[in-house]
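Report on the structure
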Amino acid sequence: MADKNNIPQFVNSDSFMADKNYVKWLSDLKKRFRMSQLKAAVTVNTEMLKFYWSLGEDICEKQKQYKWGANFMKRLSLDLRAEFPQAEGFSWSNLYKIRKWYLFYSSQIEFLYQAGTKLQKVDNATAPMLDLLLCVPWRHQTVIVSKCATINAALFYLNKVVENNMSRTELEYVVKAQLYEHTGKALNNFDVTLPQPQNALATEIIKDPYKLDFFSLPSKFSEMDLENKLATNITRFLLELGKGFAYVGRQMELDTPSGKSYFPDMVFYHTRLKCYVVIELKVVDFMPEFVGKLNFYVSAADELLRGEGDNPSIGILLCKDKDSSVVEWSLRGITTPLGVASYQLQEVYERTLLEMTQQG
């Protein structure tokens, strides 16, 4: 007798009425499958990177031992692609990247070991491998090695990829914007106004300068013009600020007990710092009196916005330029956490109709 389960038949969703138990189980099943896919992808990436490391080591050793020139890798590419036509990664350009990648990190192994960085032994390889490398996709790593001149810069971007789950496009953007060079460079008083670890994290998230080159302005513009442009391009501005910033609003009304209202330029919430961030914009160079106003806005945010579980609010002043000594003197004695940074606009500005008329 034929098994009815093996007989071809139409299947439709109406044949079974899903109840809440089925819906709940199905949702859980989908999550478990997606997790298994993710784990499988991570495992594949890990094993591939271990192979690339050992391959890079082999290439360097064979070239040194047998005095093989550059054409050796072209021949190796042809032979490996002939044997494994479906496999990716054996092009001559990728073999060159593997060799460069291995040399970049292996030459720093002793430094990393002394610095306490976690290393692991790779199967069939004589040199240990930086453990952090196994957490970052290969294409991300080619971007980092091709753009970073120092091991510290590379480690910075490797950690950023892992911490923020960056796409390759996001990584390319922050590398191009020189996030490593600018991170933690803003002048601030966080060391005396914030406890650890909030102190270190707040210092890390503020950079100098901020690149606001994703819009144009007339040659003469006001603070409101700048604020309008940032609000209109809020997605790009958030990308420039970095991970963790959530936009709350602009010109938010802060009412004092006396009934008078004040309006800070822009307010954000930082999800990792767990605090409000008040940003004030200035179209001129830094002046000491700017600190007093920002100090007031941050204090007001603590009183009117800060909720249970929130950390102390911080303030960021963005100005056209600054004198470091004047900023440092202005921040002395201030008990609220404040940072001061500059910004860079497009070098070529739009001409206003008025200017065009005057030139005519």
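Rules behind the numbers
- Residues numbered from 1 in each chain as written.
- Predicted model: local features only at pLDDT ≥ 70, side-chain atom pairs only at ≥ 80, totals over all residues.
- Heavy atoms only, no water.
- Helix = DSSP H or I, 4+ residues; strand = E, 2+ residues; numbered from the N terminus.
- Buried < 20%, exposed > 50% of the residue type's maximum accessible area, 1.4 Å probe, protein only.
- Contact = heavy atoms within 4.5 Å.
- Arc of directions from axis to C-beta.
- Polar contact = N/O pair within 3.5 Å; in protein donor to acceptor, adjacent residues only side chain to side chain.
- Pairing = 2+ DSSP bridges.
- Right-handed = clockwise from strand over helix to strand, strands pointing away.
- Salt bridge = Lys/Arg side-chain N within 4 Å of Asp/Glu carboxyl O.
- Axes fitted to C-alpha atoms, helices over the stretch in contact; angles between N-to-C directions.
- Parallel < 35°, antiparallel > 145°, perpendicular 65-115°, else oblique.
- Left-handed = near helix turned anticlockwise from the far one by under 90°.
- Nonpolar A, V, L, I, M, F, W, Y, C, P; charged D, E, K, R; others polar.

1. What about the overall build of the protein chain?
- In terms of helices and strands, the protein chain carries 15 helices and 11 strands.
- Residues classed as buried in the protein chain amount to 41% of the 360 residues present.
- Considering only contacts in the protein chain between residues 6 or more positions apart, those separated by 24 or more positions represent 63%.

2. Let's talk about helix α14 (residues 324-331)
- When α14 is considered as a whole, its buried residues turn out to be Val-327, Ser-330 and Leu-331. All buried residues of α14 lie within an arc of 95° about the axis, which places them on one face of the element.
- Here the buried face of α14 lies against β3 (187-188), α13 (289-304) and β11 (338-345).
- Capping the start of α14, Asp-323 holds a side-chain oxygen 2.9 Å from the backbone nitrogen of Ser-325, two or three residues further along.

3. Some thoughts on the side chain of Ser-313
- In this structure, Ser-313 sits in the loop between α13 and β10 (314-319).
- A polar atom in the side chain of Ser-313 sits 2.9 Å from the side chain of Asp-302.
- Apart from residues lying up to four places away in sequence, Ser-313 is in contact with Cys-275, Tyr-276, Val-298, Ala-301, Asp-302 and Pro-337.

4. Overview of the pairing of β11
- For β11, a buried count of seven out of eight residues is recorded, marking the element as mostly surrounded by other parts of the structure.
- Bridging between β3 and β11 involves two bridges; their strand directions are antiparallel. The partner of Asn-188 across the bridge, within β11, is Gly-339.
- Across three bridges, the pairing between strand β4 (residues 210-212) and β11 is parallel. Bridge pairing links Lys-211 to Gln-344 in β11.
- Note: β10 against β11, five bridges, orientation parallel. Bridging across to β11, Leu-318 finds its partner in Ala-341.
- Running through α14, the crossover from β10 to the neighbouring parallel element β11 is right-handed.

5. Looking at unusual backbone geometry
- Pro-197 follows Gln-196 through a cis peptide bond whose omega is 5°.
- With respect to the helices and strands, the residue Pro-197 is situated in the loop between α9 (190-193) and α10 (198-205).
- At Lys-274, a residue that is not glycine, the phi angle is positive and equals roughly 55°.
- Structurally, Lys-274 can be placed in the loop between β8 (266-270) and β9 (275-281).

6. Brief notes about the pairing of β8
- The buried fraction of β8 is high, at five of five residues.
- By the alternation rule, side chains of β8 split into Met-266, Phe-268 and His-270 and Val-267 and Tyr-269, which are all buried.
- Sheet topology note: the strand β5 (residues 245-250)/β8 ladder contains five bridges and is antiparallel. Following the sheet pairing, Phe-245 is matched in β8 by His-270.
- Note: β8 against β9, five bridges, orientation antiparallel.

7. So, the pattern of salt bridges
- Inspection of every chain in the model, using the stated rule, returns eight salt bridges.
- Here Arg-250 makes a salt bridge to Glu-227, at a shortest N to O gap of 3.0 Å. Of this pair, Arg-250 sits in strand β5 while Glu-227 sits in helix α11 (residues 223-232), and the two are 23 residues apart along the sequence.
- Its relative accessible area of 1% is what places Glu-227 among the buried residues.

8. Some remarks on the packing of helix α2 (residues 71-83) against helix α3 (residues 92-106)
- Here α2 crosses α3 at 120°, and the two axes come no closer than 9 Å. If you check the angle between α2 and α3, you find them oblique. Judged by the sense of rotation from one axis to the other, the crossing of α2 with α3 is right-handed. Where α2 abuts α3, its residues Met-73, Lys-74, Leu-76 and Ser-77 lie against Trp-92, Leu-95, Tyr-96 and Arg-99.
- When grouped by side-chain class, the residues that make up the contact of α2 with α3 number five nonpolar, one polar and two charged.

9. Side note on the packing of helix α5 (residues 138-147) against helix α7 (residues 168-176)
- At their nearest, the axes of α5 and α7 sit 9 Å apart, and the two run at 10° to each other. Judged by the angle between their axes, α5 and α7 are roughly parallel. The interaxial crossing formed by α5 with α7 has right-handed handedness. Note on element contacts: α7 touches α5 through Arg-168, Leu-171, Glu-172 and Val-175, opposite Arg-139, His-140, Thr-142, Val-143, Ile-144 and Lys-147.

10. What about the environment of Met-129?
- Here Met-129 lies in strand β2 (residues 128-130).
- On the accessibility criterion, Met-129 (0% relative accessible area) is buried.
- The spacing of Met-129 and Ser-106 is 23 residues in sequence and 7.4 Å in space, taken between C-alpha atoms.
- For Met-129, the residues in contact, after removing those within four places along its chain, are Leu-49, Lys-50, Trp-53, Trp-101, Lys-118, Leu-119, Gln-120, Val-122 and Leu-134.

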